Amino acid sequence: MKLIGKKIFLTGGMGFIGTALAQRLHKDNEVVIYDNQHRNSIKDTNLIGHENIEVITGDVLDPKKLIKSMRGSDVIVHLAGIAGVDTVIARPVETMKVNLLGTFNVLDAAINLGGIDRFINFSTSEVYGSYAYKLDELDNTPMGAVGQARWTYATSKLAGEHLALSFFRESGLPVVSVRPFNIYGPGQVGEGAIHIFVKRALEGEDLVIQGDGGQIRSWCFIDDVVDGVILCMEKKNAVGEVFNMGNPKGTITVLHLAEKIIQLTKSSSKIVHTPKKYVDVELRIPAIEKAVNLLGYKPKVDLDEGLIETINWYKNK
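Parameters and conventions
Numbering of residues begins from 1 in every chain and follows the order in which that chain's sequence is written. In keeping with the model being predicted, local features are shown solely for residues with a pLDDT of at least 70 and side-chain atom pairs are shown and tallied solely at 80 or more, while totals for entire chains, interfaces and linings include all residues. Hydrogens and water molecules were not included; the side-chain quantities draw on all heavy atoms of the structure. Between any two strands, pairing holds if DSSP finds at least two bridges. Counting from the N terminus, the helices are DSSP H or I runs at least four residues long and the strands are E runs at least two residues long. The convention used is that axes are lines fitted to C-alpha atoms, helices contributing only their stretch in contact, and that angles between N-to-C directions extend from 0 to 180 degrees. Two aromatic rings, drawn from Phe, Tyr or Trp (for Trp, its six-membered ring), form a pair once their centres lie within 6.5 Å of each other, and the interplanar angle then sorts them: stacked below 30 degrees, edge-to-face above 60, tilted otherwise. Exposure is judged per residue with a 1.4 Å probe applied to protein chains only, and the accessible area is read against the type maximum: over 50% gives exposed, under 20% gives buried, and values in between give partly exposed. Contact between two residues is taken to exist if any of their heavy atoms lie within 4.5 Å; hydrogens are not considered.

Visitor: Kindly report on the sheet that holds strand 10 (residues 216–218), identifying the contributing residues and their values.
Guide: The strand order across the open sheet built from 4 strands is 6-15-10-13, with neighbouring strands paired in mixed fashion. Because the sheet does not close on itself, it has two edges, and the strands there are strand 6 (131–135) and strand 13 (251–253). Across the sheet, the mean angle separating the axes of adjacent strands is 25 degrees when strand polarity is ignored. Pairing analysis gives 2 bridges linking strand 10 to strand 15 (residues 283–286), with the strands arranged parallel. Paired with Ile 216 across the two strands is Leu 283, which belongs to strand 15.

This is the structure in structure tokens:
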């Protein structure tokens, strides 16, 4: 399927990944951005007012408005949800409500449309729990202990995956689920470590790390994730599948990441360690062989290159 002349509907489209997708897709397609405007990456682009961009203020918990707004869509990308560790811990009930009921509402609205080309459901690498070393999409998805608020996000997202694949099996809805691993880049908003570290380093403020900074992450540049999502839209063999999206070559400890950002920004910032306030993910490295083999996915941007581009964007901003 070629993405030309399509109507593409993005829930949560004003967020970081949604904005990046809209920037890539709007030249050849009509893009509808459906968002409650809680987060706003689009303000730093030239998308507002473009003839191929429509912005609708709406909530995924409003099924009637969803159905009305979604009419005529060929591709739906469901990005809306509560995210960010601090936000999730502070608002676990809302996290479950939005991520579970909201996902059901979007899937149900898509069925009511009938005949859509593709439904991309955004999940999370958090479904793999505290230790995820090159786990593939068929590996177990362990949840943390009940009562630890952090895991409400992972639990709700995993339930969303089950919902999406159930709609595929029962109704033929052409669903693909994506599990992104630590995305970063220009225009990021929210609670991402690189976004926060870069801004603080440029302002000469302390970079605060929870614990000793030995937590290991694989960082993936935003352009590489957008490439992967577009492949999920275009490739017929993606339907009914789940894909890890990340860059194993961008693996680094949180402490080393902070040190690297201070070095690249030539900042006078200091690194400050604080006690962990919550259960953390200690190891998260993706296995992307399935996406490579089935989709032809290949992350291209190495960590230093991506960090420099991100730093320069914030400097110019």
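Visitor: Requested: an account of the packing of aromatic side chains, with residues and values cited.
Guide: Considering all chains together, one arrives at 6 aromatic pairs under this definition. Pairing Phe 9 with Tyr 34 gives two aromatic rings, centres 5.5 Å apart and planes at 35 degrees, and the pair type is tilted. Taken together, the positions of Phe 9 in strand 1 (residues 7–11) and Tyr 34 in strand 2 (residues 30–35) put the pair 25 residues apart, joining distant regions of the chain. Residue Tyr 34 is classed as buried on the basis of its relative accessible area, which comes to 1%.

Visitor: Which residues make up the sheet that holds strand 2, and what values do they have?
Guide: Strand order in the open sheet formed by 7 strands is 3-2-1-4-5-7-12, and the pairing between neighbours is parallel. Two strands lie at the open edges of the sheet, namely strand 3 (53–57) and strand 12 (242–245), each paired on one side alone. Sheet twist, expressed as the mean angle between neighbouring strand axes with direction ignored, is 20 degrees. Where strand 7 (residues 175–180) and strand 12 come together, 4 bridges link them in parallel fashion. Following the sheet pairing, Pro 180 is matched in strand 12 by Met 245. Strand contacts of helix 1 (residues 16–25): strand 1, strand 2, strand 3, strand 4 (75–78) and strand 5 (118–122), with the helix running at about 165 degrees to strand 1, the strand carrying the most contacts.

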